[in-house]
There are 4 protein chains.
Amino acid sequence: MAGNTFGQAFRITTFGESHGPAIGVVIDGCPPNLPIDIAKVQAELDRRKPGQSAITTPRTESDQVEILSGVFEGLSTGHPITLLIRNTNQIPKDYSHLKDIYRPSHADYTYQQKYGIRDYRGGGRASARETAARVAAGAIAKQLLAEYGVKITAFTQQIGNIGLSPSHTVDFKQIEGNLVRCPNAEIAAEMVNAIEQAKADKDSLGGVIKCLIENVPVGLGEPVFDKLEADLAKAMMSIQATKGFEIGSGFSAASMKGSEHNDSFINPNGDSISTSTNHSGGIQGGISNGEPIEMRIAFKPVATIGKEQETVDKDGNAVKLEAKGRHDPCVVPRAIPIVEAMAALVLADHWVRYNGNRPL
Amino acid sequence: MAGNTFGQAFRITTFGESHGPAIGVVIDGCPPNLPIDIAKVQAELDRRKPGQSAITTPRTESDQVEILSGVFEGLSTGHPITLLIRNTNQIPKDYSHLKDIYRPSHADYTYQQKYGIRDYRGGGRASARETAARVAAGAIAKQLLAEYGVKITAFTQQIGNIGLSPSHTVDFKQIEGNLVRCPNAEIAAEMVNAIEQAKADKDSLGGVIKCLIENVPVGLGEPVFDKLEADLAKAMMSIQATKGFEIGSGFSAASMKGSEHNDSFINPNGDSISTSTNHSGGIQGGISNGEPIEMRIAFKPVATIGKEQETVDKDGNAVKLEAKGRHDPCVVPRAIPIVEAMAALVLADHWVRYNGNRPL
Amino acid sequence: MAGNTFGQAFRITTFGESHGPAIGVVIDGCPPNLPIDIAKVQAELDRRKPGQSAITTPRTESDQVEILSGVFEGLSTGHPITLLIRNTNQIPKDYSHLKDIYRPSHADYTYQQKYGIRDYRGGGRASARETAARVAAGAIAKQLLAEYGVKITAFTQQIGNIGLSPSHTVDFKQIEGNLVRCPNAEIAAEMVNAIEQAKADKDSLGGVIKCLIENVPVGLGEPVFDKLEADLAKAMMSIQATKGFEIGSGFSAASMKGSEHNDSFINPNGDSISTSTNHSGGIQGGISNGEPIEMRIAFKPVATIGKEQETVDKDGNAVKLEAKGRHDPCVVPRAIPIVEAMAALVLADHWVRYNGNRPL
Amino acid sequence: MAGNTFGQAFRITTFGESHGPAIGVVIDGCPPNLPIDIAKVQAELDRRKPGQSAITTPRTESDQVEILSGVFEGLSTGHPITLLIRNTNQIPKDYSHLKDIYRPSHADYTYQQKYGIRDYRGGGRASARETAARVAAGAIAKQLLAEYGVKITAFTQQIGNIGLSPSHTVDFKQIEGNLVRCPNAEIAAEMVNAIEQAKADKDSLGGVIKCLIENVPVGLGEPVFDKLEADLAKAMMSIQATKGFEIGSGFSAASMKGSEHNDSFINPNGDSISTSTNHSGGIQGGISNGEPIEMRIAFKPVATIGKEQETVDKDGNAVKLEAKGRHDPCVVPRAIPIVEAMAALVLADHWVRYNGNRPL
């Protein structure tokens, strides 16, 4: 069984390769009667698209989305919503020299071994170009969740050695105001510098994204295996280049005592139960408890670098490699909408699992 | 859709509550003709069972497993293998005072809100007792994987503030030789002390487990959503009390450069491609590359503590709580076989997805 | 991927062999807060159990059901409900002579070829004994549906050459009043005679079951592949010995004209839309329309007969076979509760798909 | 959970409405390294397309298929294969008068009730136009099966009162040689006449399709619920306008004796086991036994007719209806490739379930 479908009730199937005719997604299970604003889908794609700034890949794709099905007179019909994005800026010759070479820390070797064939042009199906389909689908999921007040905000917390610390001020309004999507302009500027330096060095950087989900309805998540944090972890770890996932207290929980870590239930106004702290990260027993869901996701530095590297070709001969294709020196800024999209897809899926697919 | 099934091709469905008659698991999709050694299943359950040492819960369960189906003359038949474990040491009265109280950082509140009903005895379905079924199923998965030489080893890397550092020697033979399952006897002794101290303080500790999978066949994992690390992350984050997951370099990748992080392909003997480093953690493009799979999983301190805590009851009234039930001061040592079981279940599932369900 | 799970939202997984320790079922996705009456489960099992009359197999099984999980204080909890039935009347020596023989029109040959191994005792997993698990699960589904007034009635319409025709009176109260479960006492007596004659001839008979589902909520069924009649067809054709399925007009539709077949919408009282005829069989566009769902299911004559038959052994040598095991001369009477159970499981599944798994 | 996905391992998801921009399908799980001939896909679509003869709907669609993903240098890559067909001959005004009317025996009423919204143009998602996507996907499945010699042949056995009887000669070469796809030219001519007469009468006809699958590998089908005949039944009953399904002996089995119906195993040449008769229809115990799979599928007369009919509008008011849209007087001839496609999809799915998704 192949693995191009995500979700069980609000379920997406993505398709397409970096240098094929198009990428896209079929969303099955969106409840009927949801107003669909295609402009919002396009806006999310614009946040992700390549070539949007000096610190992203120079590949230019307009990433214009077309709705092929499932929307009638501005409303979802309960039938599959299909979103198509044509590839327009393929330059296959960029990649012909990579046909027989296994690039370090890319999917070339494993794809060739597993499938016996691979579309080597720009990574084919392994390319992060695939994530445009996730972002488009996530934009529909966000519209469903927005009906219930759910708000998803991701931002850059660390790039290379530059990181936000608890002492730094955080202002969500600044996120889209700088090239790295960091909610602190000063740190953002340092991060941009670090990326430009890496680019000049023909190298690349990793980073950490934090994602916050507010106004989550209580009751989402399905024990025991489909706990909400389990599905969120899978969602995030399915994004290219991710290496780690934390919910709530994350790895810091390992050195805390129960008496410190436990989130006491309180009822400050006598009419609504909440918790005094949120080490749980908004999820208890695998189910949302109404507090903000907080996650952190680690990204490795981009595997494609301009520096010369040693590797082997398909026959096992040692070769030297210098990347010639177009690539980002750091994926983190463009991964912000991807993280948000995957978060939205998980929540929308659990929302429909819990509430069924009756018309809104 | 409820969430008690894990895996798609080697697929398990678990059932049972902490204080019901039994817990168990149905495994569907185990290939036929696999020799099944029930003693090995029992041995894994014995590693997980309560009451096994002074630092675990005093609840005593023999956890005797019975095979109800799917094995004929010592071989799997290709039909569902059902494993049943009767509960024998329930003491429901231990829990009657918790009927209307929401214990901090437990599933009481979210279960009540989501389901409108909960079996409050020992956590009901939310209890970690459920993991016995995972361990039993994982023991079958291990037997399938062992046919192909796959070896899974988990151990305790950190408990509270005591941790193995890169300078410490690690000897896998010592893992089962101490109460905390740490591969360094000296550190293990410190960890035991820390747990005993926490127990004396009526408090609890968290920790970190490392899991290593060796001799993994190349080609397991299904892009794009069912990447091997994505399914491993889901598996681990579905275990009670987990807060973080890392594959390979994990969060440390965020501050590395691409030129440092990339794993060069090499062919040292001219007959087999491998990588010079393993920051990828044995997975590239979502597919196993033949290098060891390395994961780290963070566990929070146990939520049940003897210290008095503030919380609310179902009507929102403030109440004080002191745990009276039986519990572990630290789950990490008993979670070792659970982590191994979940790792085995993910690999067995992907093995069958790739190879089908023909007889072995 | 093996196939022991049925349904997507109200989802059952069955297990067990004819001569293993037990058979059973795990139901995942039953909404919480449903009153569960175990006596009703037992009553359905009693309708299916062997040895209930002179015209069924002499194997005697009490088929006592035990609930292992998922019910607390008489209510479903939203967690897996597990029902276990121990086998008590296995006589393995009955079957030892069949170890290497392929019985005509049984699953012996195909199981051996597919799995490379088979439990030859009483058909193993292929035995209709497996259907006890379906009946038990169906009894839970019926309790969910009964909350909404749904009523499922199956009865024998034909056995061998004896059939109910449109001119015969039908009285549902008589169904459980005769050995063949036919709603006309006179025809029932003829059917019993026919079965007794077949038994005396060491032969067997087939038949047709009609199933009627009344008070179905409008809106169940999921276009385009999971149309309600498609899932019902699958459900019925998964029962052993079934050879045909009809919904509404069935095969007679082939020779009707559109102007005859179309069901006009009417609104007789001005407050509720219905149809003047019901050739559609209660389903239009794959979705229930509120009219009674009507199905007919054809069963072949039992493959196990006492008469000598020619066949081959596993090495391809011609052998003669006379059945010595215990078997029914006609499965139709005992298949009535099985058909009802599968109908209930399909409807419950679609009910949960549509309404989600919120507490009742 | 919506229902636009079919299959578990060779899995298709279809999308699109009759009068939307396009219809299409994503195929996930096609094994890599399969040669893909797009001309064969187009040829199957041409067999199904509207306007192909005087007895089909006058809607003219060229149904040109475009491959969007999953094929590289003429081979499948193991990634999703997406096939897109643009709608070009929509005439929405044809349907505007149907906005508020429930056409008899159509999906208008149930869609409106279930979804609260419907695309009333030409039936929207309920239109048989959706089956073009099935045919396109089936053409890929056929190419996989052809690698193993599997051959699928469907033909018209009955239209209205005109039917092939056992005494008629059958010549598969004639199937594509007449407008109704009947393998007997004389009967075909009668069928064409019957359809022309129905058309002249502003009425419609039903019929029966027989489907034969030869050279099926032994071992396909997954007991107990995913028996091969169960999945075939679902596949066929998911096609618009189907009312009945038979495998092998079908309903005639009901009046046969076991000694007549049983298929004796034989070994005529001493090197290959087969059966002397094939009442089982090529499937025993839910698993293919190597004999030809034989099915019959009943189709109702087309619901859209030119004759005036009585029905109601959405407010329950009685209205008179005369169809003005374009439609077929009998769907059976164009349903032949649809039946073949669904048969191919079921077999391909079970082939991959059994053999995994390793490269061919």
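Residues numbered from 1 in each chain as written. Chains lettered and ligands numbered in written order. Predicted model: local features only at pLDDT ≥ 70, side-chain atom pairs only at ≥ 80, totals over all residues. Heavy atoms only, no water.

*Asks:* When you look at the overall build of chain A in this model, what are you seeing that I'm missing?
*Replies:* If you tally the helices and strands in chain A, you get seven helices and 19 strands. For chain A, the C-alpha radius of gyration of 21 Å lies close to 21 Å, the compact-globule estimate for 360 residues. Expressed as lengths along the three principal axes of its C-alpha atoms, the size of chain A is roughly 70 × 50 × 35 Å. Burial analysis of chain A (360 residues in total) assigns 68% to the buried set. For chain A, the proportion of contacts with a sequence separation of at least 24, taken over those separated by at least 6, is 70%. (Helix = DSSP H or I, 4+ residues; strand = E, 2+ residues; numbered from the N terminus. Rg over C-alpha atoms; globule rule 2.2 N^0.38 Å. Buried < 20%, exposed > 50% of the residue type's maximum accessible area, 1.4 Å probe, protein only. Contact = heavy atoms within 4.5 Å.)

*Asks:* In this structure, what is going on with the interface of chain C and chain A? I would like to understand it.
*Replies:* Often, the extent of an interface is quoted as the loss of accessible area on bringing the components together. Of the residues lining the interface, nine residues belong to chain C; the matching set on chain A comes to nine residues. Approximately 990 Å² of surface area, both sides summed, lies buried where chain C meets chain A, with 40% of it carried by carbon and sulfur atoms. Together, Tyr 354, Asn 357 and Arg 358 of chain C form the three largest contributors to the area buried by chain C at its contact with chain A, with a combined 49%. Taken together, the links from chain C to chain A amount to zero salt bridges. Linking chain C with chain A are six residue pairs in polar contact (both at pLDDT 80 or more). The residue inventory of the side of chain C that touches chain A, partitioned by class, reads three nonpolar, three polar and three charged. (Buried area = accessible area lost by both parts, 1.4 Å probe. Salt bridge = Lys/Arg side-chain N within 4 Å of Asp/Glu carboxyl O. Polar contact = N/O pair within 3.5 Å; in protein donor to acceptor, adjacent residues only side chain to side chain. Nonpolar A, V, L, I, M, F, W, Y, C, P; charged D, E, K, R; others polar.)

*Asks:* Which parts of the structure should I look at to understand the side chain of Lys 227 of chain D?
*Replies:* Tracing the backbone through its elements, the reader meets Lys 227 of chain D in the loop between strand S11 (207-214) and helix H5 (228-237). There is no salt bridge for the buried Lys 227 of chain D, and the closest opposite charge comes from Glu 130 of chain C, which lies 4.8 Å off by N-O distance. Excluding residues within four positions of it along the chain, Lys 227 of chain D makes contact with Arg 134, Met 237, Ser 238 and Gln 240 of chain C together with Glu 222, Gly 285 and Gly 286 of chain D. (Lys, Arg positive; Asp, Glu negative; His and termini not counted.)

*Asks:* Help me understand the pairing of strand S12 (residues 242-247) of chain B in this model?
*Replies:* Working note: regular strand, side chains alternate between the two faces of the sheet. Extensive coverage of S12 of chain B is indicated by the burial of six of its six residues. Summarising the sheet, strand S12 (residues 242-247) of chain A and S12 of chain B pair through three bridges and their orientation is antiparallel. The partner of Gly 244 of chain A across the bridge, within S12 of chain B, is Glu 246 of chain B. For S12 of chain B and strand S17 (residues 293-299) of chain B, the ladder comprises five bridges, and the chain directions are antiparallel. The residue bridging Ile 247 of chain B from the neighbouring strand is Met 295 of chain B, located in S17 of chain B. (Pairing = 2+ DSSP bridges.)

*Asks:* Which parts of the structure should I look at to understand unusual backbone geometry?
*Replies:* As a rule of thumb, non-glycine residues mostly have phi less than zero, and peptide bonds are mostly trans rather than cis. The step from Pro 223 of chain B to Val 224 of chain B runs through a cis peptide bond, and the omega angle for that step is 5 degrees. Secondary-structure assignment places Val 224 of chain B in the loop between strand S11 (207-214) and helix H5 (228-237). Phi at Asn 215 of chain A takes a positive value of approximately 60 degrees, unusual for a residue other than glycine. Structurally, Asn 215 of chain A can be placed in the loop between strand S11 (207-214) and helix H5 (228-237). Taking relative accessible area as the criterion, Asn 215 of chain A reaches 52% and is therefore assigned exposed.

*Asks:* Explain the pairing of strand S7 (residues 81-86) of chain D to me, please; I cannot follow it from the model alone.
*Replies:* Residue and element names in this part refer to chain D. When you tally the buried positions in S7, you get five out of six residues, the bulk of the element. Examined bridge by bridge, strand S3 (residues 22-28) and S7 share six bridges and lie antiparallel to one another. Opposite Ala 22, over in S7, you have Arg 86 as the bridge partner. Where strand S4 (residues 65-69) lies against S7, four bridges are found, and the strand directions are antiparallel. Across the sheet, Ser 69 pairs through a bridge with Thr 82, a residue of S7.

*Asks:* What exactly am I supposed to notice about the sheet that holds strand S19 (residues 318-321) of chain B here?
*Replies:* Think of a sheet as strands paired side by side through backbone hydrogen bonds, with each pair either parallel or antiparallel. Residue and element names in this part refer to chain B. Strand order in the open sheet made by the three strands is S8-S18-S19, with antiparallel pairing throughout. The open sheet has two free edges, formed respectively by strand S8 (101-102) and S19, since each of these has just one partner strand. In this structure, S8 lies alongside strand S18 (residues 309-313), joined through two bridges in antiparallel fashion. Counted as the bridge partner of Tyr 102 is Val 312 from S18.

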